[in-house]
Amino acid sequence: MGRSSTVKETQALFQSLRSAYAATPNNLKIIDVFVGFAVLTAIIQVVYMAVVGSFPFNSFLSGVLSCIGTAVLAVCLRIQVNKDNKEFKDVAPERAFADFILCNLVLHLVIMNFMG
Amino acid sequence: MARSLPGFLALIVAVALICCSFAAAASTFQPISESHRSAALETFDRSYGSLEETYEALQTFDVLGVERKPDVGTAACQSVSQTLVSSSSTLKDIFYALKVNGVLKCEVDADSVEGIVSTLQTAVGSASSLLEFYHSIGGLVLVKNQALKDDLYLADAEGVFRSIKALSQSDGRWRYSSSNPESSTYAAGLALEALAGVISLSSSEIDQSLIGTTKNDILKLFERVEKYDDGAVYFDGEESDAHENQGPITSTWSVIRGITSFAAVTSGNLNLPGEKILGLAKFFLGVGIPGDAKDFFNQVDSLACLENNRVAIPLILSLPATVNSLTRKDTLKVKVSTVLGSDAPPLKIKLVRAKDTPAIESQELKFDSANKVHVLDTLEKSVDVGNYIFVFEIVFNDPEHKKAYAVESKTEVPIFLTGAVKVGNAKIAVLDSDLGSIETQNLDFAGENLVSLGANHLQKLKLRFQLTTPLGHPFKPHQAILKLTHESKVEHVFVVGNTGKQFEIVLDFLGLVEKFYYLSGKYEIQLTVGDAVMNSFFRVIGHLDLDLPEAPEKAPRPPVQPADVYSRYGPKAEIAHIFRAPEKRPPQELLRLGVNLKNFPSAAAPAAFAALFHVGIGAVLLLYVFFWLKLDLFTTLKILGFLGVFLLFVGHRTLSHLASTSSKVKSA
């Protein structure tokens, strides 16, 4: 009896999460998809390394780091662009986007350098 | 809501009166009347399929005295002769053909009669089931009654009697055959009719002990009757898949036929209580006008059997009118007749008493032989308006009739005595607490004058009147209501109180200011007096100019009245829905790889900057590719510096332009 009730509860939890998520604005959803894409790319690189071998190790590191860094910057963008977030109320979304672009360019410069 | 209150009260009064008349368990039954005859023409107005249906229709018309169509008779007679001649007819067909012949009296030639008689006699000898006995014996009885053949007797009548008797059960019901344990009340009726037929066809006396046991069976059967509250008595049929038509109407009809035919051929009486026979008559009279042809036939045929039977003939006491007017000097008429409406033997009707009214004494009704009704004409001198339950008793002139007829010992009938109630001594006045009565006006309800009064919130309105019955007693109706209606159609309803001899109401406006929603102005005064036994009325008495103080801030607003009384049921105003402008949506699938070109500025200069912005980013990324492929870090950093400055400038322009447009949209 306990098992089925917990199963039911988790199902109810997922349902409520899904319905709440459907209410988020579309631009945030796009950023979420981008984050997901970046993480997925990182996972693919790790799996590739596990299969093929870690030589050259710096390439692997730079590849994974670029994905994770992009994901982190996208998350930061999402935080700043989200209208419900009270802390960043006075930061215009365009300014946040400009920061995002700038940081990405710096990150990729570093990545390119490290990749070799 | 205020408008519907008097109507609602009237409805409650009407329902209460109806319930009272039922709760007294007193209801009158009416014998067969004209409405039955016209209904019979409608119900049986179609082509008949089988001989059984033809017989039912013809017998109904015959009993009710309705003219049948001539072509129906000739078609039926043809069918009868065909059936009687043919050798493949079943027993049931022959039986019903002979029944139809009994009603129509067609020409049947002697040869076919001989053939029929021999068929039936062999069938009796070889019969094993109840239906076979019933149809064959029934056919022989019909042949004998229609005098188609002389000297018709059953061989071994006693043996046939015993075989039918063998199918009986101890509870009074009969089985259909010895192999089938299914038994029913309907079968009992058929068996009794068959046994009566055997007795009438036997050449010698049947053993009296057999007849005695059959009479006991009848008494046992009558222990199974069901009863309704109004005295109707019936046999509840049994559910059966094999045999249809075993509901209460058909089963009761079958039993009535059985006992009346059995009583007709046996000497001595059946010892059945008269009230049960009367109850059976009440059951069929209480059915009203049945919609089904078979039920109609069963009802009419049962009543015809009861009309002239040797057990007890039921007599029905009925009143043509239960509502009589004292003012018009109506006399109370009571009629006693048989179930089909024929005359009763000479008798007297006594009004024993009225329930809950000791003032009405026991008296005898006079018989009007011209109209065949009993009349009570002393009412208006002694009885006042109201509703009563009169209890009648029937006394036969010849005491011998008591055994032959079944009547109810005490019949209770609800009676309404109505009359014109006079309104007298009506006064309306405006009272002041200091000065006493300011103006008193006499009200004349007969005339058309309207009074005009004025009052303020410190004064009171007083209305007083008396109601008198035709006999001069004070009368208390069910409703006495005063209604004040403002010009804006807001209504207020008050109940007029009764102090024994007169009606009086005092409206203290000081306490009513808030109830009236502080509305000053002209109020119309309307009085409604109503009861079932009087000439109810509602009249506009006059107008009152009421002066109330100003309403404070938080006072309740009067309910919004519709401009037109019936406009609240008309169509409402049309609602124009305002839809939100739909959100800007991304393309359908977010995972589709594409370029989002929304928000791309359309004007020339910003568009150029936006394009340059994208070009700049692309250039930086291209630089990185070259850096990876070929360039070294310092060269890259130099070029990156130049590109970065350019990109910053262009990006700033584009993004600030976007920001300003989006803020313009938001403020718009």
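Please read these numbers as outputs of a predicted model, since none were measured by experiment.

The tally for this structure, following the rule as stated, stands at one disulfide over all chains. Disulfide pairing places Cys77(B) opposite Cys106(B) at an S-S distance of 1.9 Å. Note on the Cys77(B) and Cys106(B) pair: the S-S dihedral is about -85°, so by sign convention the disulfide is left-handed. In this pair, Cys77(B) sits in helix 4 (residues 70-85) while Cys106(B) sits in the loop between helix 5 (91-104) and helix 6 (110-126), placing the two residues 29 residues apart along the sequence. Across the pair, exposure class does not vary: Cys77(B) and Cys106(B) are buried alike. For Cys103(A), which is in no disulfide, the shortest distance to another cysteine sulfur is to Cys76(A) and amounts to 8.0 Å. On the basis of relative accessible area, Cys103(A) is assigned to the partly exposed category, the value being 35%.

The next point concerns the confidence of the model for chain A. For chain A, mean pLDDT is 88; residues scoring 70 or higher make up 98% of the total. For chain A, the element scoring lowest by mean pLDDT is helix 1 (residues 2-21) of chain A, at 85; helix 3 (residues 57-81) of chain A scores highest, at 93.

At the junction of the two partners, chain A supplies 16 residues and chain B supplies 23 residues. Carbon and sulfur atoms make up 80% of the area that chain A and chain B hide from each other, which totals about 1,600 Å². Per-residue buried area on chain A facing chain B is highest for Glu94(A), Leu105(A) and Leu109(A); these three make up 34% of the total on that side. Between chain A and chain B we count zero salt bridges in total. When residues of the side of chain A that touches chain B are traced back to their parent elements, those giving at least two are helix 2 (26-52) and helix 4 (93-115) of chain A.

Another point: the environment of Arg653(B). Mapped onto the elements of the fold, Arg653(B) is located in helix 18 (residues 633-667). Along the primary structure Arg653(B) and Ala610(B) are separated by 43 residues, whereas in three dimensions their C-alpha atoms are 8.3 Å apart.

Okay, helix 5 of chain B next. Residues and elements named next belong to chain B. With 14 residues, helix 5 extends 20 Å between its outermost C-alpha atoms, agreeing within 8% with the 20 Å of an ideal straight helix rising 1.5 Å per residue. In terms of residue burial, helix 5 counts as a mostly covered element, since 10 of its 14 residues are buried. Buried residues along helix 5 sit in contact with helix 3 (51-64), helix 4, helix 6, helix 7 (130-145) and helix 11 (248-265).

This next bit is on a nonpolar patch on the surface. Residues and elements named next belong to chain A. Side chains of Val39, Ile43, Val47, Tyr48, Val51 and Val52 sit close together on the surface and give an oily, nonpolar patch of about 580 Å² of accessible area. In this fold, Val39 is placed in helix 2. With relative accessibility at 34%, the residue Val39 sits in the partly exposed group.

Attention now goes to the sheet that holds strand 16 (residues 436-442) of chain B. Residues and elements named next belong to chain B. Read across the open sheet, the five strands follow the order 16-15-18-22-21; overall the sheet is antiparallel. The open sheet has two edge strands with one neighbour each: strand 16 and strand 21 (497-499). Adjacent strand axes in the sheet meet at a mean angle of 25° when their direction is disregarded.

Rules used in this analysis
Residues numbered from 1 in each chain as written. Chains lettered and ligands numbered in written order. Predicted model: local features only at pLDDT ≥ 70, side-chain atom pairs only at ≥ 80, totals over all residues. Heavy atoms only, no water. Disulfide = S-S within 2.5 Å. Helix = DSSP H or I, 4+ residues; strand = E, 2+ residues; numbered from the N terminus. Buried < 20%, exposed > 50% of the residue type's maximum accessible area, 1.4 Å probe, protein only. pLDDT = per-residue confidence, 0-100. Contact = heavy atoms within 4.5 Å. Buried area = accessible area lost by both parts, 1.4 Å probe. Salt bridge = Lys/Arg side-chain N within 4 Å of Asp/Glu carboxyl O. Expected span 1.5 Å × (residues − 1). Patch = residues over 30% accessible without salt bridge, like charges linked within 9 Å, V, L, I, M, F, W, Y side chains within 5 Å. Areas by Shrake-Rupley, 256 points an atom, 1.4 Å probe, with all protein chains shown as cover. Pairing = 2+ DSSP bridges. Axes fitted to C-alpha atoms, helices over the stretch in contact; angles between N-to-C directions.

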